[in-house]
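Analysis of the macromolecular model
Below, each chain spelled out in residue letters.
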Amino acid sequence: MKTKIEQLRKQFEEEKNNMHSLQEIEELRLEFMGKKGLVTALMNDFRSVPNEEKRELGMLINSLKQEIEKSLQEMKNTLEEEELNNKLRSDKRIDFSLPINDKTGSLNPRTILQKQIIDIFVSMGFIIEDGNEIETEYNNFDSVNVPANHPARDMQDTFWLNNGEVLKTQTSAAQNRILKEHGPKCRVLFPGRCFRNEEVNSTHENTFFQIEGVVVDENVSVSNLIYFMEEMLKGVMKKDVKVRLRPGFFPFTEPSFELDATCPLCAGRGCNACSHTGWLELCPCGMIHPNVLKEAGIDPEKYNGFAFGLGFDRLVMIKTGLDDIRYLNSNNVKLLKQYGTKI
Ligand code: FA5
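The following refers to the structure shown.

Reading guide: rules and limits
- Residues numbered from 1 in each chain as written.
- Predicted model: local features only at pLDDT ≥ 70, side-chain atom pairs only at ≥ 80, totals over all residues.
- Heavy atoms only, no water.
- Helix = DSSP H or I, 4+ residues; strand = E, 2+ residues; numbered from the N terminus.
- Rg over C-alpha atoms; globule rule 2.2 N^0.38 Å.
- Buried < 20%, exposed > 50% of the residue type's maximum accessible area, 1.4 Å probe, protein only.
- Contact = heavy atoms within 4.5 Å.
- Areas by Shrake-Rupley, 256 points an atom, 1.4 Å probe, with all protein chains shown as cover.
- Lys, Arg positive; Asp, Glu negative; His and termini not counted.
- Charge placed at Lys NZ, Arg CZ, Asp CG, Glu CD.
- Near = heavy atom within 4 Å.
- Polar contact = N/O pair within 3.5 Å; in protein donor to acceptor, adjacent residues only side chain to side chain.
- Nonpolar A, V, L, I, M, F, W, Y, C, P; charged D, E, K, R; others polar.
- Core = buried A, V, L, I, M, F, W, Y, C linked by side-chain atoms within 4.5 Å.
- Arc of directions from axis to C-beta.
- Salt bridge = Lys/Arg side-chain N within 4 Å of Asp/Glu carboxyl O.
- Disulfide = S-S within 2.5 Å.
- Phe/Tyr/Trp six-rings, centres within 6.5 Å; stacked < 30°, edge-to-face > 60°.
- Lys NZ or Arg CZ within 6 Å of the ring centre and 35° of its normal.

Broken down by element type, the protein carries 12 helices and 9 strands. On C-alpha atoms alone, the protein measures out to a radius of gyration of 36 Å, which is more than a quarter above the 20 Å that the 2.2 N^0.38 rule sets for 343 residues. Along the first, second and third principal axes, the C-alpha atoms of the protein reach 105 × 55 × 50 Å. Every one of the 343 residues in the protein was classed for burial, and the buried ones make up 42%. In the protein, the share of contacts with a sequence separation of at least 24, taken over all contacts with a separation of at least 6, comes to 66%. Of the roughly 19,500 Å² of accessible surface on the protein, a fraction of 50% belongs to carbon and sulfur atoms. A distance of 5 Å separates the average location of the 44 positive side-chain charges in the protein from that of its 52 negative side-chain charges.

Every one of the 21 residues lining the ligand counts as a neighbour, but Gln-170, Ser-172, Arg-196, Glu-198 and Glu-205 are closest to it. In the model, a nitrogen atom of the ligand is placed 2.7 Å from a nitrogen or oxygen of the Gln-170 side chain. Between an oxygen atom of the ligand and a side-chain N or O atom of Arg-196, the distance comes to 2.9 Å. Protein chains shield 87% of the accessible area of the ligand, which is 670 Å² for the free molecule. Broken down by secondary-structure element, the contributors of at least two residues to the shell around the ligand are strand E5 (207-217), strand E8 (279-288) and strand E9 (304-311). Per element, the largest residue contribution to the shell around the ligand is 4 residues, and it comes from E9. When grouped by side-chain class, the residues that make up the shell around the ligand number 8 nonpolar, 9 polar and 4 charged.

Okay, the nonpolar core next. Most often, soluble globular proteins keep nonpolar side chains buried together rather than apart. Formed by 48 residues in total, the largest nonpolar core has its most connected members in Ile-117, Met-232, Leu-233, Leu-282, Leu-310 and Leu-315. If we skip the residues at most four places from it in the chain, Leu-315 touches Leu-113, Ile-117, Met-232, Leu-233, Val-236, Met-237, Leu-282 and Leu-310. With 21 residues, the next largest nonpolar core counts Ile-178, Leu-179, Val-188 and Ala-296 among its residues.

All right, on to helix H3 (residues 38-46) then. Working note: α-helix, 3.6 residues per turn, so residues spaced by three or four point in the same direction. Looking only at H3, the buried set comprises Val-39, Leu-42 and Phe-46. Projected down its long axis, H3 shows its buried positions confined to an angular sector of 55 degrees, all on one face. Turning to H3, the residues buried within the fold contact helix H1 (2-16), helix H2 (22-33) and helix H4 (51-90).

This brings us to the pattern of salt bridges. Scanning the model with the defined rule gives 20 salt bridges in all. Between Arg-29 and Glu-26 there is a salt bridge whose closest N-O contact spans 3.0 Å. Placement of both Arg-29 and Glu-26 in helix H2 is noted, with a separation of 3 residues, approximately one turn of the helix. Taking the relative accessible area as the measure of exposure, Arg-29 reaches 32% and is therefore partly exposed. Put simply, Arg-110 and Asp-313 hold a salt bridge, and the shortest N to O gap is 2.7 Å. Remark: Asp-313 occurs in helix H11 (residues 312-320) and Arg-110 occurs in helix H5 (residues 109-123); sequence separation between them is 203 residues. Across this residue pair, the class does not change: Arg-110 and Asp-313 are buried.

Evaluation of the coordinates by the stated rule reveals 0 disulfides. With no disulfide of its own, Cys-283 lies closest to Cys-285 among cysteine sulfurs, the gap being 5.2 Å. The exposure class assigned to Cys-283 is buried, which follows from its relative accessible area of 0%.

Under the definition given, this model contains 8 aromatic pairs. Ring geometry for Phe-250 and Phe-252: centres 5.9 Å apart, planes at 20 degrees, overall stacked. The pair Phe-250 / Phe-252 is uniform in exposure class, with both members buried. Among the aromatic residues, those joined into a ring-pair cluster are Phe-121, Phe-126, Tyr-227, Phe-228, Phe-306 and Phe-308. Lying over the aromatic face of Phe-46, Lys-54 brings its terminal NZ or CZ to 5.8 Å of the ring centre.

Generally, phi is negative for residues other than glycine and the peptide bonds are trans, each holding for most cases. A cis geometry characterises the amide bond from Glu-254 onward to Pro-255, with omega recorded as 0 degrees. On the secondary structure map, Pro-255 appears in strand E7 (residues 253-262). Not every positive phi belongs to a glycine, and Asn-145 is a case in point at roughly 70 degrees. Along the chain, Asn-145 falls in the loop between helix H6 (137-140) and helix H7 (152-155). Despite not being glycine, Asn-219 shows a phi value in the positive range, around 60 degrees.

By themselves, these figures tell us nothing about what the structure is for.
As structure tokens, then:
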């Protein structure tokens, strides 16, 4: 009987190579597995096998049966798939030459870089907060030492809403609420979308992003500010970056600075990106004005701090090499896909 089992296996292997249709596969199934099929006959013969041989032969017949069933099913699947593909190809409504419509989304480089910056600041003990996009006039201006008629209001072309509120012109609009919530010993980072009614060009958008940070404690110094900014820039640029401060003016800081960083593209040697100066203007900042602390209920005699308002889109452009800020709001999938999940 062992020889018979082997013969049937061989016969099946030979015959299965000539199968070209589902009909032929069904005929092959009947020939071997049907009621009067070859394997069924073998099972009938098995009944008269002596008991001591039954175990071994039973196993051999079973495995032959399983092999044949598996093989028949595989052949059936392959042929069904081929038939379906042929049918689709002959269907004139489907054009197989069209590019595949890949609908997978992609992250905006802003999102990728913001996450990196948040990770860096969190590792330095900062808490991350959110700001509103619609703000009261008080939060956006008065609470940060910009009262009505202050000339600094004119520097930010504001979108006023009918109810007297504004589309936030700066992340500083959240400073007062955050200082009130977190109290006099805090390190908080608050990224946000800002809006200004400005002429749009390659470096200015009416909708753009800033990342603001505040640190308040006893004895905070300008060197603390420089330290945090250098750490952030080293982490983002993955290379050594030096910063320098130039005098600036903001009503909410005193003294105020413009922070420049050594150009990461030419390592400070001078290139087109930094107008051959070796420095990039990056981030307005300064020591928080005593009026701002007072307005938030913090005693400026005891506590002090610094604040910075990073022009985030500028940093994204430096990091990606994009030369026009408008790309960042364009939702151009081809452009976004270049960046994947890393920049
Ligand atoms: C401010 O908005 C201050 N609130 C920043 C600040 C915070 C200073 C805390 C001190 C302490 P400024 O208006 O310069 O400052 O804007 C900050 C940065 O936002 C700019 O350096 C620039 O990079 C970016 N920015 C401003 N306007 C636009 C715009 N229309 N499009 C793109 N980026 C802009």
